[in-house]
Amino acid sequence: MKLTGAEIIWECLLKEGVDVVFGYPGGAILPTYDAMTKYPKIHHVLVRHEQGATHMADGYARASGRVGVAIATSGPGATNMVTGIATAMMDSSPIVCITGQVGSKAIGTDAFQETDVTGVTQPITKHNYLVTKAGDIARAIREAFYIAKSGRPGPVLVDITKDAQQSTVEFDWEAAAPRLPGYRPNHRAPAAEFARAADLINSAQRPLILAGQGILNARATAQVLELAKFAGIPITTTLLGIGVIPASSPLNLGMMGMHGEAWVNQAIQQADLLIALGMRFDDRVTGNIKTYALNAKKIHVEIDPSEINKNVPVDVALIGDLREVLGELKPSIKKANHAGWWATIKAQRGDAAVRDIQSLPDNGHLYAAHVINDIWRATKDRDTIVVTDVGQHQMWEAQYYRHEKPRSLITSGGLGTMGFALPAAIGAKFACPDKEVWVVAGDGGFQMTSPELATIAQEKIKLNVAIINNRFLGMVRQWQEFFYDKRYAATPLTGPDFVLLAEAFGLKGVRVTSRSEVAKAVQAARKEEGTVVFDFRVEQEDSVFPMVPAGADLDKMIRRPKQDILAETGADAEWQMPSANGGKVASAAPFVSNGGAKHFRSSAKASRR
């Protein structure tokens, strides 16, 4: 059948199973929007900023495991998508972005709203296309979906000129099947590598599994748990790996890395074997590479060959689909329990200072950890998705909300994109309309994409939005407190009255200032039909503990100050931490790091946190 290029776009989306797209119209994509009226089976969500469209597509993809789709016009419309595309690239999220482009004859003339978006996005996409002929649209879109979801997932952009959208050609879906002779998404490790890996696992005395998001992408949770249980191996997760292993599993030690559990980081440094599954040894996970797990052999199971030996040299690389790799490895693994290793970890866990925030009496102060833990208590028996922004609240969520299911935490990990949460949660709700979806955002990041409240109102969807409002750019302020002698340059933050802002969009706003109000407010909000926006007025100068300073050894953690620790350690010792500018920051308030060592934190007052 003969169709315009614009109609072919929608036909292809239908055949790829797309039921919702997120976008914003403009001149160069207008033919496609005009053709959209013929395809009512695809629901279009009108965003308020093109960055929001990409985050929504990303949230949709992460919540569902399917490809998310975002659409924008040329020039500023396309460049507004860049941050969302980069976010998806860093976190291996499968999205397809379709952008309009000026007419093919105008390319290179600096025409109105012309930008070389394929050039701009080349470093942050798995692949991208510039399509100038209607006859090439179908193949480009089919290949885009295949590339986005195969191998290591990621974003693909298809830029289509206006005249290609307007031209009419014969549409043949089958003839447009992907032809990608140079693309090899499927790999298989040699048999000898499997034998080496099995020998290392069977001979290890202190093994540890590092569980990353790749387990989620491979749908390999059951296989990982089976291996860990059979071979007696503890598991720790990355930030993006949270949820792939149930928090309640006795095999799960918790999160590793900069704000991970103290005993987890200690265990990594003491292990004699690390089995890295679908993770990439990010700097927030490893700390100082030169001192990272020096006594451990390392096995890296990864679908993307470019990640092997990129950050941490490994002894065995098993490149391939994680589920298939574990299936092939399993018959060679011997049953074990490693009781001594488990006892060591248990002792370290007991000796570590327990985060005391939950046990503090209600003295009228509201802490972010209180809020998040109370939200967890209210929602833990429901099928709930939590979408976080980036900053302190993100780490508190990882620490105090116990995720039992895959795809129940959606967050920007690699790029650390402020403003991610609200639009991504909209995408997650469209992907999973029957699930309860919570946004956890700081007052800084929320203000970056708050106009998407209008999208929520227009679409009449139900979200619960928890703004952790400390009137600071909290994580930046924490670094200034620790490493810049409390010089709070450009981090104190004013904002609107979030309750009135919500009401301005026709949504319900609720302000909470004490812990006694949290549970009741949360339960009431869950009963509301529409979206509720919470303004949680939390303590301003609270900090996330523990913390591995950037570039420090993984087990050299700053721990939460306590009054009893102050009394025990006194203030007669002195310790200095390198500041961000290379100098030394003298400290006055002590804190305790790994092993009870006496250290000091830059002149911040020790407080009950």
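In this report, the structure presented in the accompanying data block is examined.

Rules and cut-offs
- Residues numbered from 1 in each chain as written.
- Predicted model: local features only at pLDDT ≥ 70, side-chain atom pairs only at ≥ 80, totals over all residues.
- Heavy atoms only, no water.
- Helix = DSSP H or I, 4+ residues; strand = E, 2+ residues; numbered from the N terminus.
- Buried < 20%, exposed > 50% of the residue type's maximum accessible area, 1.4 Å probe, protein only.
- Contact = heavy atoms within 4.5 Å.
- Areas by Shrake-Rupley, 256 points an atom, 1.4 Å probe, with all protein chains shown as cover.
- Lys, Arg positive; Asp, Glu negative; His and termini not counted.
- Charge placed at Lys NZ, Arg CZ, Asp CG, Glu CD.
- Pairing = 2+ DSSP bridges.
- Axes fitted to C-alpha atoms, helices over the stretch in contact; angles between N-to-C directions.
- Disulfide = S-S within 2.5 Å.

Here's the deal with the overall build of the protein
A tally of helices and strands in the protein yields 24 helices and 23 strands. Overall, the C-alpha framework of the protein stretches about 80 × 65 × 50 Å when taken along its three principal axes. Buried residues in the protein amount to 59% of all 609 residues. Look at the contacts in the protein between residues 6 or more apart in sequence, and 75% of them connect residues 24 or more apart. Of the accessible surface of the protein, which amounts to about 23900 Å², a share of 52% is contributed by carbon and sulfur atoms. Mean positive and mean negative side-chain charge positions of the protein (66 and 63 charges, respectively) differ by 4 Å.

Considering the sheet that holds strand β2 (residues 20-23)
Spatially, six strands are ordered β3-β2-β4-β5-β7-β6 in an open sheet, and the strand pairing comes out parallel. At either end of the open sheet lies a strand with only one pairing partner, and these are β3 (43-46) and β6 (127-131). The average undirected angle you get between the axes of adjacent strands in this sheet is 20 degrees. Pairing of β6 with strand β7 (residues 156-161) involves five bridges; the strand directions are parallel. In the strand pairing of β7, Leu130 is matched with Asp159.

Points about the environment of Ala428
Position of Ala428 relative to the elements: it lies in helix α18 (residues 421-431). Taking relative accessible area as the criterion, Ala428 reaches 0% and is therefore assigned buried. The contacts of Ala428, once residues within four sequence positions are left out, are Gly59, Tyr60, Ala63, Val387 and Ile410.

Focus: the sheet that holds strand β16 (residues 409-410)
Read from one edge of the open sheet, six strands run β16-β15-β17-β18-β20-β19, paired in parallel fashion. Here the strands that pair on one side only, and so sit at the sheet edges, are β16 and β19 (508-512). With six bridges joining them, strand β18 (residues 464-469) and strand β20 (residues 532-537) adopt parallel strand pairing. Directly across from Asn464, in β20, lies its bridge partner Val532. Contacts between helix α17 (residues 392-400) and the sheet are confined to β15 (384-388), β16, β17 (436-442) and β18, with β15 contributing the most and set at about 150 degrees to the helix.

Overview of the state of the cysteines
Following the criterion strictly, the structure yields zero disulfides and no others. Left without a disulfide partner, Cys97 is nearest to the cysteine sulfur of Cys12, which lies 16 Å away. By relative accessible area, which is 1% here, Cys97 ends up buried.

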